[in-house]
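# Report on the structure
Take a look at the letters that make up each chain.
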Amino acid sequence: FTGSKDHNVALRNRAIDRGLKMNEYGMFDVSDVDADDDQRAGERVAGLTEESMYEALDLPLIPPELREDRGEIEAAAADRLPDLVAEADVRGDLHTHTEWSDGNDTIAEMAAGAAEFGHDYVAITDHATGPGMVGGVGIDDATLREQIEEIRSVAANADVDVFAGVEANIDADGSISVADDVLADLDLVVASPHAGLSGDGTDRLIAAAQHPQVDIIGHPTGRYLNRRPGLAIEYDRLASAAADAGTALEINANPRRLDLGGQPVRAAIEAGATVAIDTDAHQPASYEYVRYGVHTARRGWAEADDVLNTRDAEEIRRFVA
């Protein structure tokens, strides 16, 4: 019963086809009894574990995140369930902030926190100036160059690989709010929408994904749960364009965002795009948000190979080169 109603109805119908009755009390063989009025009529053949319930239906255990009646039962019956990504597969965070923009801690503290969390690498991606950045939060290109030097200095003594990055803004026309020559000096570029978050954003995001210096499209819809819905996106088009451009699409693991969501993740994977599970951490404690991103990725049928930051630091460098 952790699954959706549709998933459970499909399982109940599968049980009926096998002379079984499935309910909250277990799985019962009712082939030789009148079970219309008795929830516990017949021989109880499963119910101590979830595995036993699925086994009685000639199925392997279907992970809870897939229980939506969106092809998972057919995949299970054909032994084609994905080997879903796990939290232990994630080796680093590619979207974090420090006190240089709106974070709470220094570059060194964010790097040390990543090492303590168990990561192999972290990208420092403070906000650039641009649309949606108010109150002096974003840093301009000159300051960004200064920060690159500071990140390199921290990286030389850190216990993790530290990438010099930025979270640039995607303007309404899809242009990027940081000069190309500055972008070229960075290790990694996350580009995200922060303003004009209504209407269809597909073309805007495709233009950003096709920018030669952009590596990741951050929180693509810009939604904030229970506060704003974010951009409407034709996910198939965006995913195809991102796959062609070699640009990853982010699953922002902040529980207020979870952006991309499960179904868009599945669309991205089916189009051959890479996804990145990032926490958008503004303090070391927020690295723990990765679990929410992993569960969202699992809802989209993502395997470890589909996720950028399950790769080691050298593979990250090759991806963003």
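In case you missed it, the structure is sitting above this.
Here goes a summary of the coordinates provided.

Moving on, we come to the packing of helix α4 (residues 107–117) against helix α5 (residues 141–155). The N-to-C vectors of α4 and α5 enclose an angle of 40°; their axes lie 10 Å apart at closest approach. The angle between α4 and α5 falls in the class oblique. Both α4 and α5 take part in a crossing whose hand is right-handed. Together, Ile 107, Ala 108 and Ala 111 of α4 and Gln 147, Glu 150, Ile 151 and Val 154 of α5 make up the contact between the two elements. The residue makeup of the contact of α4 with α5, split by class, is five nonpolar, one polar and one charged.

On to the side chain of Asp 93. Structurally, the position occupied by Asp 93 is in strand β4 (residues 92–96). Of the side chains bearing the opposite charge, Arg 257 lies closest to the buried Asp 93, which forms no salt bridge; the N-O distance is 12 Å. Excluding its chain neighbours within four sequence positions, the residues that come into contact with Asp 93 are His 119, Tyr 121, Val 122, Ala 123, Asp 278, Thr 279, Asp 280, Tyr 287 and Asn 309.

Moving on: the side chain of Asn 252. By secondary structure assignment, the location of Asn 252 is in strand β9 (residues 248–252). In terms of polar contacts, Asn 252 uses its side chain to reach the side chain of Asp 280, at 3.1 Å. What Asn 252 contacts, discounting residues up to four positions off in sequence, is His 95, His 219, Arg 257, Leu 258, Asp 259, Leu 260, Asp 278, Thr 279 and Asp 280.

One open sheet holds the seven strands; their spatial order is β4-β5-β6-β7-β8-β9-β10, and the pairing between them is parallel. Pairing within the sheet leaves two strands with one partner each, and these edge strands are β4 and β10 (275–278). Lying over the sheet, helix α11 (residues 313–320) contacts β4, β5 (121–124), β6 (161–169), β7 (188–192) and β9, oriented at roughly 35° with respect to β6.

Moving on to the nonpolar core. If you look at the biggest cluster of nonpolar residues, it comprises 56 residues, and the most contacted ones within it are Val 166, Ile 176, Val 178, Leu 186, Ile 217 and Ile 277. Here Ile 217 is in contact with Ile 170, Ala 191, Leu 205, Ala 208, Ala 209, Thr 247, Ala 248, Leu 249 and Glu 250, once residues within four sequence places are set aside. Ala 15, Met 53, Leu 57 and Ile 62 belong to the second-largest nonpolar core, a separate cluster that totals 17 residues.

The strand order β1-β2-β3 describes an open sheet built from three strands, whose pairing is antiparallel. Of all strands in the sheet, those bounded by a partner on one side alone are β1 (20–23) and β3 (43–46). Put simply, the sheet's adjacent strands are angled 35° from each other on average, direction ignored. Examined bridge by bridge, strand β2 (residues 26–29) and β3 share three bridges and lie antiparallel to one another. Paired with Asp 29 across the bridge in β3 is Glu 43. Sitting on the sheet, helix α1 (residues 5–17) is in contact with β1 and β2, with an inclination near 155° to β1.

Inspection of α4 places Ile 107, Met 110, Ala 111, Gly 113 and Ala 114 among the buried residues, and these make up the whole buried set. Mapping the buried residues of α4 onto a view down its axis gives an arc of 160°, with all of them on the same face. For α4, the secondary structure elements touched by its buried residues are β4, β5, α5 and β6.

Conventions adopted
Note that residues are indexed from 1 along each chain, following the sequence as it is written. Totals for whole chains, interfaces and linings use every residue, but because this is a predicted model, local features are given only for residues with pLDDT of at least 70 and side-chain atom pairs only at 80 or more, for both listing and counting. Water and hydrogen atoms play no part in the side-chain values, which are based on all heavy atoms of the structure. Helix axes use the C-alpha atoms of the stretch in contact, all axes being lines fitted to C-alpha atoms, and the angles between their N-to-C directions lie in the range 0 to 180 degrees. Think of it this way: any DSSP run of H or I at least four residues long counts as a helix, any run of E at least two long counts as a strand, and we number them from the N terminus. An angle counts as roughly parallel when it lies under 35 degrees, as roughly antiparallel when it exceeds 145, as roughly perpendicular when it falls between 65 and 115, and as oblique in every other case. Two helices that cross are described as forming a left-handed crossing if the nearer one is turned anticlockwise from the farther one by less than a right angle, and a right-handed crossing if clockwise. Residues count as neighbours in contact if any of their non-hydrogen atoms are within 4.5 Å of one another. Charged means Asp, Glu, Lys or Arg here, nonpolar means Ala, Val, Leu, Ile, Met, Phe, Trp, Tyr, Cys or Pro, and polar covers whatever is left, Gly included. Buried, partly exposed and exposed residues are distinguished by accessible area as a fraction of the type maximum, computed with a 1.4 Å probe on protein chains only: under 20%, between the cut-offs, and over 50%, respectively. His is not counted here, nor are the chain ends, while Lys and Arg score as positive and Asp and Glu score as negative. Salt bridges, as used here, are contacts in which a Lys or Arg side-chain nitrogen is within 4 Å of a carboxyl oxygen on Asp or Glu. For this analysis, a polar contact is any N or O atom pair within 3.5 Å, provided that within protein one partner can donate a hydrogen and the other can accept it, and provided that sequence-adjacent residues contribute only side-chain to side-chain pairs. Between any two strands, pairing holds if DSSP finds at least two bridges. We call a set of buried residues a nonpolar core when its members are Ala, Val, Leu, Ile, Met, Phe, Trp, Tyr or Cys and they connect through side-chain atoms within 4.5 Å of each other. By definition, the arc is the one covered by directions from the helix axis to the C-beta atoms.

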